[in-house]
Amino acid sequence: MKKIFVTEPAMPPLDEFMPYLEKIWQSKWLTNGGPFHQQLEHELAEYLGVKHLALFTNATIALVTALQALRISGEVITTPYSFVATAHSLLWNGIKPVFVDIDPHTFNLDPKKIEAAITPQTTAIFPVHVYGTPCNVEEIQRIADVYGLKVIYDAAHAFGVKHNGGSVLNFGDLSVLSFHATKVFNTFEGGAIICPDAKTKQRIDHLKNFGIADEVTVVAPGINGKMNEVQAAFGLLQLKHVDSSLAKRAVIASRYRTQLAGIAGITVPEVADPSLQNNSYFPVFVEAEYPMSRDALYTALQTENIMTRRYFYPLISDFPMYRGLPSARIDNLPVARRVADRVLCLPIYPDLPLDDVDRICGIMRSWAQAR
Ligand SMILES: *Cc1c(COP(=O)(O)O)cnc(C)c1O
């Protein structure tokens, strides 16, 4: 029985990549803002509809740097329902994460619960566009303006997502994308910070290159966050195929919605406008009526060679370096807990055959009826 992975990277034809590699071999310019790096920054900014974009070797270093770029300190309000790198980037900056519960429909930070968590030490709000669903960006900005806070979005899932006619990446002070192999658009490893002005972009460019401004000037204790030319070249090639990848994902998501409809105990979250989404993940929720628990379903699907992912589970606030925080208490995060205990992300990637989607849904339906 063929194994169905939860995700597979979209790989453009290898022969299309060879001319890029030949150029790198000829120029011997391997990293440090080479020609492919410059070209990818421009093409991505244009494709995404954003003003400035700084490439990084991965999103985690980009998150750490984004916080440094805005000199964030003290306490930062964030979500427990994310990949652990979100909160880790705060600890790497000596910042205290303050977890706030999520909205039960979007799975994003619940704006109604933010104000109660603000203290005199709070300097920023650090939300995540979970599964590429936009946060309530207007309400978050309103609160930030009232309290004089910065807003940095972990937009690792939000490649190509639109909101109010423009890119969702234009909201907040900074947004961070991930180009990891598992994401919608990948450069093997990679990431980017999106920023609205040239001055901030320059500070970010210094920070990702050890703080070096010129041969004899170091302006900050920067890090090495540079994307190399092979990664950038792969990104340029990927960009040519990304619209087709997104279109294939939309077809798969729509097939799941049809095939999962009416299975007792399996809930598919409603999306406002599927055409604005990137279908980076396909989460479903295993409710009490389903004859097996979420974890039992996860294991049973594995025995059918179908890999799924409990994403996100456990909550970040459950990991040992966070669980002692006052905001990590269970009674502070009831919605996030409920969601994390029921979520199961089903396989989705551009080359996933629709027959496989049908098989996955058929199995889930037959188990629901076998009660
Ligand atoms: C993937 C991911 C990251 C980390 O990205 P890397 O490029 O792997 O460092 C951070 N936050 C979220 C929400 C992610 O999904």
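The model shown is predicted, which means the values in this text are computed figures rather than measured ones.

S.K.: Give me the pattern of salt bridges: which residues, what numbers.
M.R.: Counted under the stated rule, the structure contains 20 salt bridges. Residue glutamate 139 is joined to arginine 142 by a salt bridge in which the shortest nitrogen-to-oxygen separation is 3.0 Å. Of this pair, glutamate 139 and arginine 142 are both found in helix α5 (residues 137-147), 3 residues apart, which corresponds to roughly one turn of the helix. Given a relative accessible area of 39%, arginine 142 falls into the partly exposed group. Put simply, lysine 201 and aspartate 205 hold a salt bridge, and the shortest N to O gap is 3.1 Å. Residue lysine 201 and its partner aspartate 205 are both found in helix α6 (residues 198-207); the two are separated by 4 residues, about one turn of the helix. Lysine 201 sits in the buried class, given a relative accessible area of 14%. The network of salt bridges with shared partners includes Glu41, Lys201, Asp205 and Lys208.

S.K.: Tell me about the site of the ligand, and please be specific about residues and values.
M.R.: In the vicinity of the ligand, 16 residues are found, and the nearest of them are Thr60, Asp154, His157, Ser178 and Lys183. Contact between the ligand and threonine 60: an oxygen atom at 2.6 Å from a side-chain N or O atom of the residue. Assessed atom by atom at 2 Å from the grid points, the ligand resides in the second largest pocket. Secondary structure elements with two or more residues in the shell around the ligand: α3 (59-69) and α4 (85-91). For the shell around the ligand, the class distribution of residues is 6 nonpolar, 8 polar and 2 charged.

S.K.: Let's hear about the domain arrangement of the protein chain: which residues, and what values?
M.R.: When its domains are assigned, the protein chain resolves into domain 1 (14-237) and domain 2 (242-369). Taking only C-alpha atoms, the centre of domain 1 and the centre of domain 2 are 25 Å apart. Each partner contributes to the interface: domain 1 provides 35 residues, whereas domain 2 provides 32 residues. Counting the surface lost from both domain 1 and domain 2, the interface buries some 2900 Å², and carbon and sulfur atoms represent 67% of this. If you sort the residues of domain 1 by the area they bury against domain 2, Phe99, Tyr131 and Val184 come out on top, with a joint share of 25%. Here domain 1 is connected to domain 2 by 0 salt bridges. Connecting domain 1 to domain 2 are 16 residue pairs in polar contact (both at pLDDT 80 or more). Secondary structure elements with two or more residues in the side of domain 1 that touches domain 2: α4 and β3 (96-99). Residues of the side of domain 1 that touches domain 2, tallied by class, amount to 22 nonpolar, 7 polar and 6 charged.

S.K.: Got a sec to walk through the layout of surface pockets? Specific residues and values, please.
M.R.: A probe as big as a water molecule, rolled over the atoms, marks out the empty space that is left. Volume-wise, the largest pocket comes out at about 490 Å³. Along the wall of the largest pocket there are 31 residues; nearest its centre are Thr133, Pro134, Val271, Ala272 and Gln277. Looking at the lining of the largest pocket, the elements that each hand over two or more residues are α5, β6 (162-163) and β13 (282-286). The two domains that each donate at least three residues to the lining of the largest pocket are domain 1 (14-237) and domain 2 (242-369). The wall of the second largest pocket is formed by 22 residues, among which Thr60, Phe83, Ala85, Ser178 and Lys183 lie closest to the centre. Taken together, the elements giving at least two residues each to the lining of the second largest pocket come down to α3, α4 and β8 (174-178). By residue number, the principal contributor to the lining of the second largest pocket is α3, which donates 3 residues.

S.K.: Before we move on, can you summarise the nonpolar core with the specific residues and values?
M.R.: The biggest cluster of nonpolar side chains holds 33 residues, and the ones touching the most others in it are Leu44, Leu53, Phe159, Leu169 and Phe179. Breaking this core down by element, the ones donating at least two residues are α1 (14-27), α2 (35-48), β1 (52-56), β9 (191-195) and α7 (229-260). Take this core: its biggest share by element is 8 residues, from α7. Look past the residues within four positions of leucine 44 in its chain and what remains in contact with it is Leu53, Leu55, Phe159, Phe179, Phe185 and Leu239. Of all hydrophobic cores here, the second largest spans 28 residues; its members include Phe282, Leu344, Val357 and Met364.

S.K.: I'd like a rundown of the UniProt feature "modified residue: N6-(pyridoxal phosphate)lysine" (unreviewed entry) in the protein chain, residues and numbers included.
M.R.: Here, UniProt's "modified residue: N6-(pyridoxal phosphate)lysine" (unreviewed entry) annotation points to Lys183. Structurally, the position occupied by lysine 183 is in the loop between β8 and β9. Judged by its relative accessible area of 14%, lysine 183 falls in the buried class. Discounting chain neighbours no more than four positions away, the residues touching lysine 183 are Ala156, His157, Ser178, Arg249, Tyr281 and Tyr311.

S.K.: Describe the packing of aromatic side chains, listing the residues and the values that go with them.
M.R.: Going through the model one piece at a time under the given rule, you end up with 18 aromatic pairs. Measuring from ring centre to ring centre gives 5.9 Å for phenylalanine 107 and tyrosine 131, while their planes differ by 70°; the resulting arrangement is edge-to-face. Within this pair, whereas phenylalanine 107 is found in the loop between β3 and β4 (122-126), its partner tyrosine 131 is found in the loop between β4 and α5, the two being separated by 24 residues in sequence. Since its relative accessible area comes to 6%, phenylalanine 107 is described here as buried. Taking the centre distance of 5.0 Å and the plane angle of 80° together, the rings of phenylalanine 179 and phenylalanine 185 count as edge-to-face. With a relative accessible area of 0%, phenylalanine 179 lands in the buried category. The positively charged end of lysine 208 is found above the aromatic ring belonging to phenylalanine 56, 5.6 Å away from the centroid. The aromatic ring of tyrosine 313 is capped on one face by arginine 294, whose charged end is 4.6 Å from the ring centroid.

So, how was this worked out
Residues numbered from 1 in each chain as written. Predicted model: local features only at pLDDT ≥ 70, side-chain atom pairs only at ≥ 80, totals over all residues. Heavy atoms only, no water. Salt bridge = Lys/Arg side-chain N within 4 Å of Asp/Glu carboxyl O. Helix = DSSP H or I, 4+ residues; strand = E, 2+ residues; numbered from the N terminus. Buried < 20%, exposed > 50% of the residue type's maximum accessible area, 1.4 Å probe, protein only. Near = heavy atom within 4 Å. Polar contact = N/O pair within 3.5 Å; in protein donor to acceptor, adjacent residues only side chain to side chain. 1 Å grid on protein atoms, 1.4 Å probe; cavity = no way out; pocket = protein on both sides within 12 Å on 5 of 7 lines; lining within 4 Å. Sits in = over half its atoms within 2 Å of the grid points. Nonpolar A, V, L, I, M, F, W, Y, C, P; charged D, E, K, R; others polar. Domains from an automatic or database assignment. Contact = heavy atoms within 4.5 Å. Buried area = accessible area lost by both parts, 1.4 Å probe. Points joined across faces, edges and corners; volume = space filled by probe spheres on them. Core = buried A, V, L, I, M, F, W, Y, C linked by side-chain atoms within 4.5 Å. UniProt positions renumbered as here; feature names shortened; annotations may be inferred. Phe/Tyr/Trp six-rings, centres within 6.5 Å; stacked < 30°, edge-to-face > 60°. Lys NZ or Arg CZ within 6 Å of the ring centre and 35° of its normal.

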